[in-house]
Amino acid sequence: MDYYSTRGIDKLYTAAEVIMTGLAPDGGLFIPAGPWPPVPLKDLAGMSYTALAAAIIHPFLKQFSKAEVESLVQEAYGGTSFDHPDIAPLHRLTDSLYFLELWHGPTCAFKDLALQFLPHLLRKSAEKTGEETTAVILTATSGDTGKAALEGFSDVPGTKVIVFYPLEGVSEIQRRQMITQKGKNVHVVAVRGNFDHTQAGVKELLAEGSLKHKMSSRGLKFSSANSINWGRLLPQMVYYFSAYLDLRRSGELKPGEKVNFVVPTGNFGNILAGFYASRMGLPVHRLICAANRNHVLTDFFREGRYNRNRPFFRTLSPSMDILVSSNLERLLFELGGRDPSRIRAWMNRLLENGSYRLNAALQKTLTALFWSHYATDDETLAAIGKTYREHRYLLDPHTAVARAVYEKYRAATGDRVKTIIVSTASPFKFAESVAHALLPPEQFAGRTALEIAPLLAKTTGLDLPTPLLDLASQPVRHDTVIERSAMRTEVLDHLNL
Ligand SMILES: *Cc1c(COP(=O)(O)O)cnc(C)c1O
């Protein structure tokens, strides 16, 4: 299968080029040029997670042999990085409601499912394109992605990672996770200021021609690990299939019976993979897009107008605090008739006016499959409390948003189709918020998140995930703090340029 850009379908790219490049040269997103490969569900029954991953991913990687893909997924999911043998286990809450736990990886959040795989795919893609370069991942992070990228790329040959994080603007647990990172090829630096400063600094460096030039003379090349990279979407399709197959295996779904998925959404990457799975033949009834107070997507699905001109709020579900959901462009391309001129028009309007509008026909197509609503912080905390009291099951704030939105969905539609809520983070990673929902304030007042997590484990009788348990005792390996103006020198020094 070859690929083209959502903004121009004349030029074709190989899978390896797409993985190496990240964003298409015309500013669009890469997308398969051919029809979606159908996946015969009956052939997948009884497969292990790694076998399933290879079966689903291989048709998208034409120049890779099946054995090569199998070895890539083995490196990602076959070792000891995931603390559950099923990789993405399903937790049954009631007869018709399930949680798909995507937080058994090394950073306790769903980005591990993609970022444990992408580095190996990137290394192999470089081999395929015949480039003798070292891929340099340069990124600014406000939390989950940076740590998941560090874990994924750590000690992967042919790659280097430089992560800048804002001194103000990551949680204590997230900071601790980053400064204790192991690996000979990783470099973590704190920048004085907030996330916007840090991100602006990284963007300048990535755009600088003379830096690229210097790097290429030393066999170095920037690559991207962010969620618009096609290589992050591929592994995310797998768990939609595994969840469905688990319910078929247990007899809880009849052949052909459809399911709903509820997905806590930010950049629209996770839910888009669910949409692709449905295109490949997974029996999906509705995809429910759950948002927080930054509900630009909910308004979009309800009104047919994307409008980013609105205040930005910090919420208890920070990974969903986003006003421009980049991956939505891929959905519009697919459902809007694969017409790049329409995409260009919408994206130009988004750039110029901060908004664009769909026609009524397209909006109808969208809402036949998608449904969306949002939850406030209060509703999020209430969902954590209620789920724990009624079922002794603990939710992180992102997953709790999805749970609250699902209640709204049921009330609004009366739909009783079996439903899988995609659980994107371990509750212990957001211990402070979860404690607020469960415990009287005097029990944790004045304590840090690193102290609250074990307290929460003790109160609930649940096990603290090993990566978080080890955090307090890990030595600090990265203690550099710099000014925003020193980011360039830091990169040059680190790469010996
Ligand atoms: C990144 C993230 C999300 C949002 O996923 P998108 O693919 O950006 O929509 C939700 N929850 C958690 C915990 C995340 O880390």
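As shown above, the structure is provided for reference.
Residues numbered from 1 in each chain as written. Predicted model: local features only at pLDDT ≥ 70, side-chain atom pairs only at ≥ 80, totals over all residues. Heavy atoms only, no water.

A. Broad picture of the overall build of the protein. A tally of regular secondary structure across the protein gives 22 helices and 16 strands. By the compact-globule yardstick of 23 Å for 497 residues, the protein fits well, its C-alpha radius of gyration being 22 Å. Summarising its shape, the C-alpha atoms of the protein cover approximately 60 × 55 × 50 Å along the three principal directions. Counting all 497 residues of the protein, 57% fall into the buried class. Approximately 19,500 Å² of the protein is accessible, and the part contributed by carbon and sulfur atoms is 50%. Positive and negative charge centroids in the protein, built from 56 and 50 side chains respectively, lie 4 Å apart. (Helix = DSSP H or I, 4+ residues; strand = E, 2+ residues; numbered from the N terminus. Rg over C-alpha atoms; globule rule 2.2 N^0.38 Å. Buried < 20%, exposed > 50% of the residue type's maximum accessible area, 1.4 Å probe, protein only. Areas by Shrake-Rupley, 256 points an atom, 1.4 Å probe, with all protein chains shown as cover. Lys, Arg positive; Asp, Glu negative; His and termini not counted. Charge placed at Lys NZ, Arg CZ, Asp CG, Glu CD.)

B. Representation of the packing of aromatic side chains. Applying the stated criterion across every chain, the model contains 25 aromatic pairs. Relative to Tyr356, the ring of Tyr306 has its centre 5.7 Å away and its plane inclined at 5°; by these criteria the two rings are stacked. Taken together, the positions of Tyr306 in strand 12 (residues 305-307) and Tyr356 in strand 13 (residues 355-357) put the pair 50 residues apart, joining distant regions of the chain. Tyr306 gets classed as buried once you look at its relative accessible area, which sits at 1%. Across from the ring centre of Tyr13, 4.8 Å away, lies the NZ or CZ of Lys11, which sits over that ring. A cation sits over an aromatic face here: Lys128 above Phe64, 5.1 Å from the ring centre. (Phe/Tyr/Trp six-rings, centres within 6.5 Å; stacked < 30°, edge-to-face > 60°. Lys NZ or Arg CZ within 6 Å of the ring centre and 35° of its normal.)

C. Seen up close, the sheet that holds strand 6 (residues 134-140). The 5 strands lie next to each other as 9-6-7-8-16, forming an open sheet whose pairing is parallel. Every other strand in the sheet has two partners, leaving strand 9 (220-223) and strand 16 (481-482) as the edge strands with one partner each. Sheet topology places strand 7 (residues 159-166) next to strand 8 (residues 186-191); 6 bridges connect them, and they run parallel. Note on strand 8: the bridge partner recorded for Val163 is Val188. Running at roughly 155° to strand 7, helix 22 (residues 487-494) makes contact with strand 6, strand 7, strand 8 and strand 16 of the sheet. (Pairing = 2+ DSSP bridges. Contact = heavy atoms within 4.5 Å. Axes fitted to C-alpha atoms, helices over the stretch in contact; angles between N-to-C directions.)

D. Region of the structure containing the sheet that holds strand 3 (residues 30-32). Spatial ordering of the open sheet is given by 2-1-3, a layout of 3 strands whose pairing is antiparallel. The open sheet terminates on both sides in strands that have one partner only, identified here as strand 2 (8-13) and strand 3. When strand polarity is set aside, the average angle formed by the axes of neighbouring strands in this sheet is 40°.

E. Up close: empty space enclosed by the protein. The tally for this structure, following the rule as stated, stands at 1 cavity of 30 Å³ or more. Lining the largest cavity we find Thr265, Gly266, Ala291, Asn294, Val296, Leu297, Met320, Ile322 and Ser325. The residue inventory of the lining of the largest cavity, partitioned by class, reads 5 nonpolar, 4 polar and no charged. (1 Å grid on protein atoms, 1.4 Å probe; cavity = no way out; pocket = protein on both sides within 12 Å on 5 of 7 lines; lining within 4 Å. Points joined across faces, edges and corners; volume = space filled by probe spheres on them. Nonpolar A, V, L, I, M, F, W, Y, C, P; charged D, E, K, R; others polar.)

F. Fine view of the side chain of Thr399. Here Thr399 shows up in helix 18 (residues 397-413). For Thr399, a relative accessible area of 0% translates into the label buried. Once residues lying within four places of it in the same chain are set aside, the contact partners of Thr399 are Phe99, Ile421, Val422, Ser423, Thr424 and Ala425.

G. Region of the structure containing the layout of surface pockets. Counted as a void, the second largest pocket has a volume near 550 Å³. Looking at the second largest pocket, it is lined by 21 residues, and the ones nearest its centre are Pro106, Lys147, Glu151, Lys182 and Pro467. For the lining of the second largest pocket, the secondary structure elements donating two or more residues are helix 7 (144-153) and helix 21 (466-469). The residue makeup of the lining of the second largest pocket, split by class, is 3 nonpolar, 12 polar and 6 charged.

H. Looking closely at the site of the ligand. Every one of the 14 residues lining the ligand counts as a neighbour, but Lys111, Asp144, Gly266, Asn267 and Thr424 are closest to it. At a separation of 2.5 Å, an oxygen atom of the ligand approaches a polar side-chain atom of Lys111. Thr424 is positioned with one of its side-chain polar atoms (N or O) 2.9 Å from a nitrogen atom of the ligand. When isolated, the ligand has an accessible area of 390 Å², and the protein chains bury 96% of it. Looking at the shell around the ligand residue by residue, the class counts come to 4 nonpolar, 8 polar and 2 charged. (Near = heavy atom within 4 Å. Polar contact = N/O pair within 3.5 Å; in protein donor to acceptor, adjacent residues only side chain to side chain.)

I. Spotlight on helix 17 (residues 377-391). Across its 15 residues, helix 17 extends 21 Å between first and last C-alpha, which sits within 8% of the 21 Å expected from 1.5 Å per residue. Among the residues of helix 17, those classed as buried are Thr380, Ala383, Ile384, Gly385, Thr387 and Tyr388. Buried positions along helix 17 lie against helix 18, helix 19 (431-438) and helix 20 (449-460). Residue Arg392 follows helix 17 closely and has a positive phi angle near 55°. (Expected span 1.5 Å × (residues − 1).)

J. Representation of unusual backbone geometry. For Phe268, which is not glycine, the phi torsion reads 70° and is therefore positive. Mapped onto the elements of the fold, Phe268 is located in the loop between strand 10 (259-264) and helix 12 (269-279). Its relative accessible area of 1% is what places Phe268 among the buried residues. Phi is positive for Arg392, close to 55°, though the residue is something other than glycine. Here Arg392 lies in the loop between helix 17 and helix 18. Taking relative accessible area as the criterion, Arg392 reaches 54% and is therefore assigned exposed.

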